[in-house]
Amino acid sequence: LTKYPVNYLIISNGTLANETISLLRQYTGRITLQISLDGLQKSHDCLRGNGAFEKVQKNIMILRSHEIPFYFKTTINKTNCKDLEEIVKLAISWGGTLVSFSFLNPIGRGLINTDLHMSDNEIVESFYSLESLKLKYASQISYTISEKDKGISDAFNKGIKRATGEIVGIIN
């Protein structure tokens, strides 16, 4: 990490944070820590195993005590799509700087676990819920959308329409 003056993103399930405290403290300001939060306790433990939620909660408190910034990433699926605002509130109460949502893609674990797939109505409801939450918690929520489009220019145009910043960058 010291060889190159770049910033790093560490993606974690949050269960081993205690073992990485010294590294994280040494590079605060250059490391962004993303913690996967699969929902409230029942949803999270359903996907990660019994007790995983409590481990994450314990390690979040350790990160906070060392003033290490972190944010949460939640993949919206059938088990958590009704709990989006509660997830935001939980993440804020735990000291997360941001909650980032994305919809489940039918690849990897999302392809195998068909019980996680949402109905069309659940997807639409979740999208509207995110729009509402984005207004209510403007500085603490972001989300990505993965949907069918009519090609790369259509996808770019959809992204540009939703952009809120002064500069829009497109990587092809």
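Computed from a prediction, not measured in an experiment: that's the story for all the values here.

A. Structural detail: the overall build of the chain. Tallying secondary structure elements over the chain gives seven helices and five strands in all. Along the chain, from the amino end to the carboxyl end, the secondary structure elements read β-α-β-α-α-β-α-β-α-α-β-α. Burial status across the chain gives 33% buried among its 172 residues. In the chain, the proportion of contacts linking residues at least 24 apart, taken out of those at least 6 apart, comes to 66%. Accessible surface, the chain as shown: approximately 10800 Å² in total, 53% of it carbon and sulfur.

B. Spotlight on the packing of aromatic side chains. Counted according to the given criterion, the structure contains four aromatic pairs. With 5.3 Å between their ring centres and 45 degrees between their planes, phenylalanine 53 and tryptophan 94 make a pair best called tilted. Of the two residues, phenylalanine 53 is situated in helix α3 (residues 52–65) and tryptophan 94 in the loop between α4 (84–93) and β4 (99–103); the sequence distance between them amounts to 41 residues. Using a relative accessible area of 7% as the deciding quantity, one classes phenylalanine 53 as buried. Geometrically, the ring pair formed by phenylalanine 72 and tryptophan 94 is tilted, given 6.0 Å between the ring centres and 55 degrees between the ring planes. Of the two residues, phenylalanine 72 sits in strand β3 (residues 70–76) while tryptophan 94 sits in the loop between α4 and β4, which places them 22 residues apart along the sequence. In this structure, phenylalanine 72 and tryptophan 94 share a single accessibility class: buried. Here the aromatic residues Phe53, Phe70, Phe72 and Trp94 are joined through ring pairs into a cluster of three or more.

C. Up close: unusual backbone geometry. If you check the backbone angles, glutamate 67 has positive phi at about 55 degrees while not being a glycine. Secondary-structure assignment places glutamate 67 in the loop between α3 and β3. Taking relative accessible area as the criterion, glutamate 67 reaches 68% and is therefore assigned exposed.

D. Here's a closer look at the pairing of β4. Burial of β4 is extensive: five of the five residues sit out of reach of the surface. On β4, burial covers both faces: Val99, Phe101 and Phe103 on one face and Ser100 and Ser102 on the other are all buried. With five bridges joining them, β3 and β4 adopt parallel strand pairing. Within β4, the position partnered with isoleucine 76 by the bridge is phenylalanine 103. Once the chain exits β3 it traverses α4 before rejoining the sheet at β4, and the crossover so formed is right-handed.

E. Structural view of the side chain of serine 43. Assignment of secondary structure puts serine 43 in helix α2 (residues 41–48). On the basis of relative accessible area, serine 43 is assigned to the buried category, the value being 7%. Reaching out from serine 43, the side chain makes a polar contact with the backbone oxygen of threonine 79 at a distance of 2.7 Å. Sequence-distant contacts of serine 43, defined by excluding residues within four places in its chain, comprise Asp38, Thr79, Asn80 and Asp83.

F. View of the nonpolar core. Ranked by size, the top nonpolar core spans 31 residues in total, and within it Ile35, Ile60, Leu63, Phe72, Ile76, Trp94 and Phe101 carry the most contacts. Looking at this core, the elements that each hand over two or more residues are α1 (21–26), β2 (31–36), α3, β3, α4, β4 and α6 (120–136).

Cut-offs applied
- Residues numbered from 1 in each chain as written.
- Predicted model: local features only at pLDDT ≥ 70, side-chain atom pairs only at ≥ 80, totals over all residues.
- Heavy atoms only, no water.
- Helix = DSSP H or I, 4+ residues; strand = E, 2+ residues; numbered from the N terminus.
- Buried < 20%, exposed > 50% of the residue type's maximum accessible area, 1.4 Å probe, protein only.
- Contact = heavy atoms within 4.5 Å.
- Areas by Shrake-Rupley, 256 points an atom, 1.4 Å probe, with all protein chains shown as cover.
- Phe/Tyr/Trp six-rings, centres within 6.5 Å; stacked < 30°, edge-to-face > 60°.
- Pairing = 2+ DSSP bridges.
- Right-handed = clockwise from strand over helix to strand, strands pointing away.
- Polar contact = N/O pair within 3.5 Å; in protein donor to acceptor, adjacent residues only side chain to side chain.
- Core = buried A, V, L, I, M, F, W, Y, C linked by side-chain atoms within 4.5 Å.

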